[in-house]
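# Descriptive analysis of the structure
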Amino acid sequence: MVPARYNTIVERKKVSSLKIGFFDSGLGGITVLSEALRRLPNENFVYMADTLHVPYGTKTPQEVLGYVKASVQTILKEDIKALVIACNTATSIAVAELRKEYKFPIIGMEPAVKPAVEMNRANGKRVLVLATPLTLKQSGYAALVSRVDDHGSVDSLPLPELVQYCEQLNFDRTELFNYFNHKLSSFNLDIYGTVVLGCTHYPFYKEILRELLPSHIQLIDGSHGTVKRLKQVLSERNLLASPVKVGQPQDGHVTFLCTSQDESYVHKMERALEIYAEHEKIYF
C-alpha cells in the first residue's frame, strides 16, 4: 500500500510516467545515473547539472545550499517521483533541508568509507578517501569516519582539480598520470588496501587509477549502494515502474537539463554517459 503522503503524486499521474530525478553540480552524477540505468531499466530519468556554479567543492556551504534548492525547484517541473542527489558535497550540505521541505523520497550520497573499512578489517590495510575539499571539511564526513573507523585507518586527500578535468572530458593519459603521481607522491601506497572515490566525478578515472595504483588496492565508490537504496525505497512505496511486456519498447529514457540552458553542455552530458558506459562495459 502506498503511504498517504505519496497519494497525491501517484494519483496525478501513473507511476510509470513519473521520472526519477538526478542532480549534480555537473557531469559527476552521470556515474550514478549509469548504474541506475543498468539496475532500473524500466524507469525514465531526468538529470540536471548546475552548470552555472560547478564545481561545488570549492564553494561555501551556504552557497551550495542555495544552488541546490534553486535547482530542485526546476527539477520539480519534470514530474518526478524521487530525487537522487548524485553529489557527495551537495548531499552533505543540503539533503537534510530538502527532506524537511519535500514529501517524495530523496536519496543522498556519502563516501563509501564504511564498506572500505570493512573490506580491510582482516588485512590491516588503511583506507584512502579521495574527495573534494568541501566534502572533507563537512562535519558529516568527520562524523561518518568517527562512526565506522574504530582503528584510525582512514586518511583523506582532496582532489579539487579532478572535477575540472572531468568537466572538460579530459582523459589525456599522460596529463592524468602526472597529476595523480604528484598528488599521491607523499603516500606509501603499500599500506593501503582500498581507495574510496568520494566524489561522483572521480569514477570517470577508475581505469587510469587501476593502472597507476598497486594491484592489491581496491577501488570503490558510492554508486552501487546509492542505486540499491533508491530501488529499495521505490519498491517500499510501490513507486517502481512495471516491467515492460515482451515486444514493447523498453524505457530508460533520460532527459538532460542544465542551469545555464547551454545546448552544448547537454550534448556533453550525453557524451559523458556514453564514455562512462564504455568504461564500465555497460550497454543500454
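Just above, that's the structure.
To keep things clear, this report deals only with the structure shown in the data block. Since this is a predicted model, take the numbers as computed values, not measurements.

Let us look at the packing of helix H5 (residues 113-120) against helix H7 (residues 139-148). For the pair H5 and H7, interaxial distance at closest approach is 9 Å and the crossing angle is 25 degrees. Considering their axes alone, H5 and H7 lie roughly parallel with respect to each other. Considering the relative orientation of H5 and H7, their crossing is right-handed. On the side of H5, the interface is formed by Val-113, Lys-114 and Val-117, while H7 contributes Tyr-141, Leu-144, Val-145 and Val-148. Among the residues making up the contact of H5 with H7, the classes are represented as 6 nonpolar, no polar and 1 charged.

Across the 6 residues of strand S2 (residues 44-49), 6 count as buried, placing the element largely inside the fold. A two-sided burial pattern is seen for S2, the buried positions comprising Asn-44, Val-46 and Met-48 on one face and Phe-45, Tyr-47 and Ala-49 on the other. Strand direction decides the pairing type here: strand S1 (residues 19-24) and S2, joined by 6 bridges, are parallel. Within S2, the residue paired with Asp-24 across the bridge is Ala-49. Tracing the backbone out of S1, into helix H2 (residues 30-39) and back to the parallel element S2 gives a crossover that is right-handed. One ladder, built from 5 bridges, connects S2 with strand S9 (residues 254-258); its direction is parallel. When the sheet's bridge partners are listed, Tyr-47 is paired in S9 with Phe-256.

Pairing within the open sheet is parallel, and its 5 strands lie in the order S4-S3-S1-S2-S9. Pairing within the sheet leaves two strands with one partner each, and these edge strands are strand S4 (106-107) and S9. Contacts from helix H12 (residues 263-280) reach S2 and S9 within the one sheet, and its direction differs from that of S9 by about 135 degrees.

So, about the environment of Tyr-47. For Tyr-47, the position within the fold is in strand S2. Assessed through its relative accessible area of 0%, Tyr-47 is described here as buried. In this structure, the C-alpha to C-alpha distance between Tyr-47 and Gly-21, residues 26 residues apart in sequence, is 6.0 Å. Of note is the side chain of Tyr-47, whose polar atom sits 2.6 Å from the backbone oxygen of Gly-26. A distance of 3.1 Å separates a polar side-chain atom of Tyr-47 from the backbone nitrogen of Gly-29.

For the structure on display, the rule yields 11 aromatic pairs. When the centroid spacing of 6.2 Å and the interplanar angle of 40 degrees are considered together, the rings of Phe-171 and Phe-204 count as tilted. Here Phe-171 is found in the loop between helix H8 (160-167) and helix H9 (173-184), whereas its partner Phe-204 is found in the loop between strand S7 (192-197) and helix H10 (206-212), with 33 residues between them in sequence. Since its relative accessible area comes to 1%, Phe-204 is described here as buried. Through successive ring pairs, a cluster of aromatic residues spans Phe-171, Phe-204, Tyr-205 and Tyr-276.

Another aspect to go through is the state of the cysteines. Using the criterion set out here, one finds 0 disulfides in the structure. With no disulfide partner, Cys-166 has as its closest neighbouring cysteine sulfur the one in Cys-199, 7.9 Å distant.

A separate point is H2. When you tally the buried positions in H2, you get 8 out of 10 residues, the bulk of the element. When H2 is considered as a whole, its buried residues turn out to be Ile-30, Thr-31, Val-32, Leu-33, Ser-34, Glu-35, Ala-36 and Leu-37.

On to the side chain of Asp-50. With respect to the helices, strands and loops of the structure, Asp-50 is situated in the loop between S2 and helix H3 (61-75). Comment: no salt bridge for buried Asp-50; closest opposite-charge side chain is Lys-59, at 8.1 Å. Only 3.0 Å separates the side chain of Asp-50 from the side chain of His-53, close enough to count as a polar contact. Side chain to side chain, Asp-50 and Thr-259 meet in a polar contact 2.8 Å long.

Let's shift gears to the side chain of Ser-25. Note on placement: Ser-25 falls in the loop between S1 and H2. Leave out the neighbours within four places in its chain, and Ser-25 touches Ala-49, Asp-50, Thr-51, Val-54, Tyr-56 and His-201.

Let us now look at the nonpolar core. By size, the foremost hydrophobic cluster in this structure holds 58 residues, and its most contacted members are Phe-22, Phe-180 and Met-269. When neighbours within four sequence positions are excluded, Phe-180 is seen to be in contact with Leu-159, Leu-162, Tyr-205, Ile-208, Leu-209 and Leu-212. With 22 residues, the next largest nonpolar core counts Tyr-67, Ile-80, Cys-87 and Leu-98 among its residues.

Analysis parameters
Residues numbered from 1 in each chain as written. Predicted model: local features only at pLDDT ≥ 70, side-chain atom pairs only at ≥ 80, totals over all residues. Heavy atoms only, no water. Axes fitted to C-alpha atoms, helices over the stretch in contact; angles between N-to-C directions. Helix = DSSP H or I, 4+ residues; strand = E, 2+ residues; numbered from the N terminus. Parallel < 35°, antiparallel > 145°, perpendicular 65-115°, else oblique. Left-handed = near helix turned anticlockwise from the far one by under 90°. Contact = heavy atoms within 4.5 Å. Nonpolar A, V, L, I, M, F, W, Y, C, P; charged D, E, K, R; others polar. Buried < 20%, exposed > 50% of the residue type's maximum accessible area, 1.4 Å probe, protein only. Pairing = 2+ DSSP bridges. Right-handed = clockwise from strand over helix to strand, strands pointing away. Polar contact = N/O pair within 3.5 Å; in protein donor to acceptor, adjacent residues only side chain to side chain. Phe/Tyr/Trp six-rings, centres within 6.5 Å; stacked < 30°, edge-to-face > 60°. Disulfide = S-S within 2.5 Å. Lys, Arg positive; Asp, Glu negative; His and termini not counted. Salt bridge = Lys/Arg side-chain N within 4 Å of Asp/Glu carboxyl O. Core = buried A, V, L, I, M, F, W, Y, C linked by side-chain atoms within 4.5 Å.

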